[in-house]
Amino acid sequence: VQLQASGGGLVQPGGSLRLSCAASGFAASRYAVAWFRQAPGKEHEFVAAFPRTSSNPLYEDSVKGRFTISRDNTENTVSLQMNSLKPEDTAVYYCAASSRIILSSLRTWSLWSYWGLGTLVTVSS
């Protein structure tokens, strides 16, 4: 199982970025998948996720209405569309996957089974 995140970069406040997570070695459509982020000096923070048994995504409160998680089962990718970006969104963003994680554990970084290398998002003028 491998995950590879891409799409990060430097963007001005109010701008948009689209992150992509390419999955290999498994069918992402059958796994719970998530995006986390880690700002400098802080712990990993939950951003968004698709539970394994539901097509209804979950979001961290601060990104609701601005970020959208989506799946492309044909390409076996999971994306994160980020709009109206703020300086506080600056972080390294990671994708994660698990075939076993339960709903109540989705927001806990250490309980996921697989993690990809991160991609840096910097929001600054």
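Predicted, not measured: the structure shown is a model, and the values here were computed from it. (Residues numbered from 1 in each chain as written. Predicted model: local features only at pLDDT ≥ 70, side-chain atom pairs only at ≥ 80, totals over all residues. Heavy atoms only, no water.)

Undergrad: Account for the state of the cysteines, naming residues and giving values.
TA: Tallied over the entire structure, the rule returns one disulfide. Covalently, Cys21 is tied to Cys95 through a disulfide, its sulfur atoms 2.1 Å apart. For the disulfide bridge between Cys21 and Cys95, the dihedral angle about the S-S bond is near 70 degrees, and by the sign convention the bridge is right-handed. Taken together, the positions of Cys21 in strand β3 (residues 17–24) and Cys95 in strand β9 (residues 91–98) put the pair 74 residues apart, joining distant regions of the chain. (Disulfide = S-S within 2.5 Å. Helix = DSSP H or I, 4+ residues; strand = E, 2+ residues; numbered from the N terminus.)

Undergrad: Account for the environment of Phe36, with residues named and values stated.
TA: Locating Phe36 in the fold gives a position in strand β4 (residues 32–38). On a C-alpha basis, the gap between Phe36 and Ala91 in space is 9.4 Å, while along the polypeptide they are 55 residues apart.

Undergrad: Tell me about the pattern of salt bridges, and please be specific about residues and values.
TA: If you walk through the whole model with that rule in mind, you get four salt bridges. Glu45 is paired through a salt bridge with Arg37; the nearest N and O atoms lie 2.7 Å apart. The class for Glu45 is partly exposed, based on a relative accessible area of 30%. Each member of the salt-bridge network shares a partner with another, and the members are Arg37, Glu45, Arg66 and Asp89. (Salt bridge = Lys/Arg side-chain N within 4 Å of Asp/Glu carboxyl O. Buried < 20%, exposed > 50% of the residue type's maximum accessible area, 1.4 Å probe, protein only.)

Undergrad: Describe the sheet that holds strand β7 (residues 67–72), with residues and values.
TA: Within a sheet, neighbouring strands are paired by backbone hydrogen bonds and run either parallel or antiparallel to one another. Strand order in the open sheet formed by four strands is β1-β3-β8-β7, and the pairing between neighbours is antiparallel. The sheet is open, and its two borders are formed by β1 (2–6) and β7, each paired with just one other strand. Put simply, the sheet's adjacent strands are angled 15 degrees from each other on average, direction ignored. Of the strand pairs in this sheet, β3 and strand β8 (residues 77–82) are connected by six bridges, and their pairing is antiparallel. Bridging from a neighbouring strand, Cys21 pairs with Val78 of β8. (Pairing = 2+ DSSP bridges. Axes fitted to C-alpha atoms, helices over the stretch in contact; angles between N-to-C directions.)

Undergrad: I'd love a proper account of the nonpolar core, names of residues and values included.
TA: Trp35, Val47, Phe67, Ile69, Leu80, Met82 and Tyr93 are the most contacted members of the largest nonpolar core, which totals 29 residues. Beyond its immediate stretch of four places on either side in the chain, Val47 contacts Trp35, Phe36, Arg37, Leu58, Tyr59, Glu60, Val63, Phe67, Leu80 and Tyr93. The next biggest cluster of nonpolar side chains, apart from the first, holds eleven residues, and it includes Ala34, Ala49, Tyr94 and Ile101. (Core = buried A, V, L, I, M, F, W, Y, C linked by side-chain atoms within 4.5 Å. Contact = heavy atoms within 4.5 Å.)

Undergrad: Explain the packing of aromatic side chains residue by residue, including any values.
TA: Applying the stated criterion across every chain yields a total of six aromatic pairs. Between Phe36 and Trp112 the ring centres are 6.2 Å apart and the planes differ by 80 degrees, which places this aromatic pair in the edge-to-face class. Pair noted here: Phe36 is in strand β4 and Trp112 is in the loop between β9 and β10 (114–115), with a separation of 76 residues, a long-range link. With centroids separated by 5.6 Å and ring planes inclined at 40 degrees, the aromatic side chains of Trp109 and Trp115 adopt a geometry described as tilted. The partly exposed category is assigned to Trp115, whose relative accessible area is 38%. Taken together through their ring pairs, the aromatic side chains of Phe36, Phe46, Tyr94, Trp109, Trp112 and Trp115 make up a single cluster. (Phe/Tyr/Trp six-rings, centres within 6.5 Å; stacked < 30°, edge-to-face > 60°.)

All we've got here are geometric facts, nothing functional implied.
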